[in-house]
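Breakdown of the fold
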Amino acid sequence: MIPVFDLHADLAEAIRPSFTGSGSVLKKDWMPLMKQGGIAWSAAASFFDGSQNWEEMQECVRMVRRDIEQSGARLILSGDELKDEPDEETAFLMTVEGMCGIHENPEEKIEWLYEQGNRIGSLAWNDQNDLATGAMGDPARGLTEAGKRVIRKMNDLHMIIDVSHANEKTFWDILDESTVPVIATHSNAKKLCGVERNLTNQQIRALAQKGGLIGMNACEMFISDDPAKRSAANLAAHARWIADIAGVQAVACGFDFGVYYGADESHNLLSPEQTQNFIEGLRKEGFNEEEIKDIAYRNVLRFLRNYM
Ligand SMILES: [Zn+2]
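Presented here is an overview of the structure given in this document. (Residues numbered from 1 in each chain as written. Predicted model: local features only at pLDDT ≥ 70, side-chain atom pairs only at ≥ 80, totals over all residues. Heavy atoms only, no water.)

1. As for the coordination of the zinc ion
The protein atoms that coordinate the zinc ion are Glu 97 (OE), His 165 (NE2) and His 186 (NE2), at distances spanning 2.0 to 2.2 Å. The sequence pattern describing where the donors of the zinc ion fall on their chain is E-x67-H-x20-H. Taken together, the residues Glu 97 in strand S3 (residues 91–97) and His 165 in the loop between strand S5 (160–161) and helix H6 (168–177) connect sequence positions 68 residues apart. As far as burial versus exposure is concerned, Glu 97 and His 165 are alike and both buried. (Donors = N, O, S within 2.8 Å, 3.2 Å for Na, K, Ca; no water. Helix = DSSP H or I, 4+ residues; strand = E, 2+ residues; numbered from the N terminus. Buried < 20%, exposed > 50% of the residue type's maximum accessible area, 1.4 Å probe, protein only.)

2. Brief notes about helix H7 (residues 201–209)
Of the positions making up H7, those classed as buried are Asn 201, Gln 203, Ile 204, Ala 206, Leu 207 and Ala 208. Packed against the buried residues of H7 are H6, strand S6 (183–184), strand S7 (213–216) and helix H9 (232–246). Of the residues one or two after H7, Gly 211 is the one with positive phi, at around 100°. (Contact = heavy atoms within 4.5 Å.)

3. Considering the pairing of S3
Residues in a regular strand project their side chains so that they alternate between the two faces of the sheet. Within S3, seven of the seven residues are buried, which leaves it mostly tucked inside the rest of the structure. The alternating pattern of S3 places Ala 91, Leu 93, Thr 95 and Glu 97 and Phe 92, Met 94 and Val 96 on opposite faces, both of which are buried. Alignment of strand S2 (residues 39–47) against S3, held across seven bridges, turns out to be parallel. Bridging across to S3, Ala 43 finds its partner in Leu 93. Relative to strand S4 (residues 118–122), S3 is paired through four bridges, and the arrangement is parallel. Following the sheet pairing, Val 96 is matched in S4 by Gly 121. (Pairing = 2+ DSSP bridges.)

4. With respect to the state of the cysteines
By the definition in use, this model includes zero disulfides. The thiol of Cys 100 is unpaired, and the distance to the nearest cysteine sulfur, on Cys 60, comes to 10 Å. (Disulfide = S-S within 2.5 Å.)

Below, the structure is given as structure tokens:
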């Protein structure tokens, strides 16, 4: 089984309903599925949709951190500690999806998020906030001045910037502003599926030219506009498209597993234990075994060793 590094999983939302503070929800409900599917490293996202204040953001981040600590799994804090050989259990990388609770003193808040263990962050979810404009915000609005300060702070700390939920203007502003490559943790190719958050060819090329990564998103509506074409094989077609126009080195995994996927019967990539269906799809798309390892985990390990 080829191990996989999943750059985006909505694990705060998965932890929250059963979280008591003693015992780990990840260990009980998620790590067995991840092991079954070969997910050796997984992001654990704290998710903020635009309605949370700073105290609520802190509460969520502390919950994720505590659950990982109680799981006994490794919390990934630096690129140096990443080995090609996975651990026995899935290792976790804390990430932040949206920063709507940050208003004043953005540098201090970013420092706090970093100290808690977060190593990847997006400035906005689909909302528009004091820092940036997400996919559903005003198309003419991008990064704010406070958002630019956040980018500089994240660059200084070696905290990776995620552009997956950015609107186009914010995407280009971030590419200009960041001194290091960025990641779209869970976005596909707009040419194959027209959903707002997928990336245009121009965005894919620019992101890859800068050395960035794009994590393939398994969520149904990001794979195809046609409900009959939403499966691991159809997602592998996005990987093929992106590899052909920007290189295999830009392709990664960001399946967005969580608690909200529908039980679409034709879709065979709804949950972590189904991850190897995507690997099989990559084979059918004609990727060789070395390329598949690059997409599955080596591109992410290389990126994090260089920039985290
Ligand atoms: Zn998302």
